[in-house]
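Spelled out, the chains give:
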Amino acid sequence: MIVDITNEHAMEQLGALLAQLLAAPALLFLQGDLGMGKTTLARGFIRACGHQGNVKSPTYTLVEPYELKGEMIYHFDLYRLCDAEELEFMGIRDYLDHSIALVEWPDKGEGMLPEPTLELHLQSHGEGRRGYFRGDPALLHKIEQGWANG
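Residues numbered from 1 in each chain as written. Predicted model: local features only at pLDDT ≥ 70, side-chain atom pairs only at ≥ 80, totals over all residues. Heavy atoms only, no water.

## A word on the sheet that holds strand β7 (residues 128-135)
Hydrogen bonds between backbone groups are what pair the strands of a sheet, and the pairing can be parallel or antiparallel.
For step 1, the next point in the chain: Spatial ordering of the open sheet is given by β1-β7-β6-β2-β5-β4-β3, a layout of seven strands whose pairing is mixed. Because the sheet does not close on itself, it has two edges, and the strands there are β1 (2-5) and β3 (63-68). Going from strand to strand, the sheet's axes swing by 20 degrees on average, the running direction of each strand aside.
For step 2, the next point in the chain: The pairing of strand β2 (residues 26-32) with strand β5 (residues 100-104) spans five bridges and is classified as parallel. Residue pairing across strands places L30 opposite E104, the latter belonging to β5.
For step 3, the next point in the chain: Sheet strands in contact with helix α1 (residues 8-21) are β1, β2, β6 (118-125) and β7, and its direction is about 140 degrees off that of β1.
For step 4, the next point in the chain: Where helix α2 (residues 38-48) meets the sheet, it contacts β2, β3, β4 (71-77), β5 and β6, and its direction lies at approximately 165 degrees from that of β5. (Pairing = 2+ DSSP bridges. Helix = DSSP H or I, 4+ residues; strand = E, 2+ residues; numbered from the N terminus. Axes fitted to C-alpha atoms, helices over the stretch in contact; angles between N-to-C directions. Contact = heavy atoms within 4.5 Å.)

## Observations regarding the pattern of salt bridges
Pairing between side chains of opposite charge can happen when their charged atoms approach one another.
For step 1, the next point in the chain: Following the criterion strictly, the structure yields six salt bridges and no others.
For step 2, the next point in the chain: R134 is the partner of E119 in a salt bridge, and the nearest nitrogen-oxygen pair spans 2.3 Å. Of this pair, E119 sits in strand β6 while R134 sits in strand β7, placing them 15 residues apart in sequence.
For step 3, the next point in the chain: In this structure E119 comes out as buried when scored by relative accessible area, which is 6%.
For step 4, the next point in the chain: According to the relative accessible area criterion, R134 is exposed, its value standing at 52%.
For step 5, the next point in the chain: Within the structure, one salt-bridge network assembled from shared partners comprises E8, E12 and R43. (Salt bridge = Lys/Arg side-chain N within 4 Å of Asp/Glu carboxyl O. Buried < 20%, exposed > 50% of the residue type's maximum accessible area, 1.4 Å probe, protein only.)

Functional significance is not addressed by these values, which are geometric in nature.
Written out as structure tokens, the structure reads:
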């Protein structure tokens, strides 16, 4: 499934839509080059779940936790990960068991991360971005409907 994202606000709206559709346990892979909007989408997702403060990129911390409405949301950025086995040392499975995890740069954790619930590849497209989703067909249909009605 493909969506066109015209600007930063639309990227946050897409994140908010995904927040409405994903429930724990869920794993969302966010892929794309630097500057494609992965953190912006995560910000829209986390704010739609009720977070009022800043949503910063976990580039240096690897993970930022958010407890919202009794549910844990973990925002990972694996860009600086040197070896996928580092995820095992930090207890990645404990993070994923009963939470929603948003993972930027999931390819850096290849072999240590389970299959995602949903995967989004972001690419430049004209003045905006184009998102290519992969996942359960029923979930993709809900995203498509929500985006069209957004």
